[in-house]
Amino acid sequence: MSIWLACQFVTRGFRQALMASIAAMGLVLATPNIAPAIVGGTETRINEFPWMLRLVDVKKPQVYCGAALIADQYALTAAHCLHERDTRTMGVVASEHDIRTDLTTSVAKMHRISNVVIHPQYRFTANDIAVVKIDGRFGIDQRYCALSNPQEHFPANGVRVGAICLPRQETSPFATVMLAGWGLTEFGGAKAPTLQKADVRAISRDQCKETYGNRVTEHTLCTYAPGRDSCHMDSGGPVTEALLPDTSRRYQLAGIITAGIGCDSGMPSLNMRVSSFVDWIRSITPGVRYPTQFPPRSLGR
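Bear in mind the structure is a predicted one, so any value in this text is a computation, not a measurement. (Residues numbered from 1 in each chain as written. Predicted model: local features only at pLDDT ≥ 70, side-chain atom pairs only at ≥ 80, totals over all residues. Heavy atoms only, no water.)

Draft legend 1. Here's a closer look at the overall build of the protein chain. When helices and strands are counted, the protein chain shows four helices and 15 strands. For the protein chain, buried positions account for 58% of its 301 residues. Only carbon and sulfur atoms are counted for the fraction: they give 48% of the accessible area of the protein chain, which is about 12,400 Å². (Helix = DSSP H or I, 4+ residues; strand = E, 2+ residues; numbered from the N terminus. Buried < 20%, exposed > 50% of the residue type's maximum accessible area, 1.4 Å probe, protein only. Areas by Shrake-Rupley, 256 points an atom, 1.4 Å probe, with all protein chains shown as cover.)

In structure tokens, the structure reads:
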């Protein structure tokens, strides 16, 4: 049995602690430096998810984790993506689709990271969440949560970047949620060159505990779907939930991709339940205005 954290780079100190934790579980860690996507997914439209960010090391600008924009200067990702890393060499890229070229869109933009706050109770799959402060600001309307784009387009005024809403409610078991990322398309396989998405189901904590035992807490959002899963280097990316009545364009950030056993192995995957961390997020970002409402349809087209 192998358990993965979908991040390419693991520091020595973290790896030692991780291996000790995994040994106590009776599990074997999958090779952590496999080159990176979503398993069983489909390619997104260009600019379909304006909140989607790519986490990069500016010295090696290759994808190794995802992130989600939640305000003009803040994003969420997985703690293990940044633990014991030199954030001075890190950045986030917005408005990107095809990682093989910088020419997918004329508006793809990178900002360096100025600060990272990892949850103080983070350990392996517990509280695996971090708030990233961006050096500079994305030009978004702070009043509104972004809508997904129904067509491949960018507005005439340039970058189409938007923040996703922090969750208004807890995601219930059996709800349909969406994964997105550039990670491996199969366990040990090749990374996806273009952004992928896949619909999966949230499952109950009791079901998830049959696989992970006490690793599953009230802060865990477990997901599963036959033939569809997250994989290496999807970590930190968003798990989004469509909000009624418009199920195609209005989303809340239900989770952050964390870990799993294999990829599409017939077992559920672990994600951090963002609704459990909203108070913590707000407490470490005083004065930040998070989008809380959706724009009229005319503003989202």
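Draft legend 2. Structural context of the nonpolar core. Among the nonpolar cores identified, the biggest contains 52 residues, and Leu-55, Ile-70, Leu-76, Phe-138 and Ile-281 are the most heavily contacted of them. When neighbours within four sequence positions are excluded, Ile-70 is seen to be in contact with Ala-75, Leu-76, Ala-163, Ile-164, Leu-166, Leu-253, Ile-281, Tyr-290 and Pro-291. Grouped together as the second largest cluster of nonpolar side chains are eleven residues, Val-177, Ala-198, Val-200 and Ala-254 included. (Core = buried A, V, L, I, M, F, W, Y, C linked by side-chain atoms within 4.5 Å. Contact = heavy atoms within 4.5 Å.)

Draft legend 3. Quick peek at the state of the cysteines. Tallied over the full model, the rule gives four disulfides. Disulfide pairing places Cys-145 opposite Cys-165 at an S-S distance of 1.6 Å. On the S-S bond that ties Cys-145 to Cys-165, the torsion sits near 45 degrees, and the link is right-handed. Separated by 20 residues along the polypeptide, Cys-145 in the loop between strand S9 (130-134) and strand S10 (176-181) and Cys-165 in the loop between S9 and S10 bring together distant segments of the chain. The class for Cys-165 is buried, based on a relative accessible area of 1%. There is a disulfide in this structure between Cys-208 and Cys-222, and the S-S distance comes to 2.0 Å. (Disulfide = S-S within 2.5 Å.)

Draft legend 4. Structural view of the packing of aromatic side chains. The tally for this structure, following the rule as stated, stands at three aromatic pairs. Here the aromatic cluster, defined as three or more aromatic residues joined through ring pairs, consists of Phe-49, Trp-51 and Tyr-251. (Phe/Tyr/Trp six-rings, centres within 6.5 Å; stacked < 30°, edge-to-face > 60°.)

Draft legend 5. Region of interest: the pattern of salt bridges. All told, the structure shown has six salt bridges when counted by the stated rule. In this structure, the salt-bridge partner of Arg-88 is Asp-86, at a minimum N-O distance of 2.9 Å. Residue classification places Arg-88 among the exposed residues on the basis of a relative accessible area of 66%. A salt bridge links Glu-170 to Arg-273; the nearest nitrogen and oxygen atoms lie 3.7 Å apart. Of this pair, Glu-170 sits in the loop between S9 and S10 while Arg-273 sits in strand S15 (residues 269-273), and the two are 103 residues apart along the sequence. Taking the relative accessible area as the measure of exposure, Glu-170 reaches 46% and is therefore partly exposed. (Salt bridge = Lys/Arg side-chain N within 4 Å of Asp/Glu carboxyl O.)

Draft legend 6. Representation of unusual backbone geometry within the structure. In this structure, Glu-84 is a non-glycine residue whose phi angle is positive, near 60 degrees. With respect to the secondary-structure elements, Glu-84 resides in the loop between strand S6 (74-77) and strand S7 (90-94). Overall, the relative accessible area of 48% leaves Glu-84 in the partly exposed class. Not every positive phi belongs to a glycine, and Phe-174 is a case in point at roughly 80 degrees. Mapped onto the secondary structure, Phe-174 falls in the loop between S9 and S10.

Draft legend 7. Quick look at the pairing of strand S4 (residues 52-57). Within S4, six of the six residues are buried, which leaves it mostly tucked inside the rest of the structure. Alternating residues of S4 divide into Met-52, Arg-54 and Val-56 and Leu-53, Leu-55 and Asp-57, and every residue in both groups is buried. When S4 meets S7, the two strands line up antiparallel, connected through five bridges. Directly across from Leu-55, in S7, lies its bridge partner Val-92. (Pairing = 2+ DSSP bridges.)

Draft legend 8. Expanded view of the environment of Leu-76. Within the secondary structure, Leu-76 is located in strand S6. Judged by relative accessible area, which is 0%, Leu-76 ranks as buried. The spacing of Leu-76 and Val-132 is 56 residues in sequence and 6.0 Å in space, taken between C-alpha atoms.

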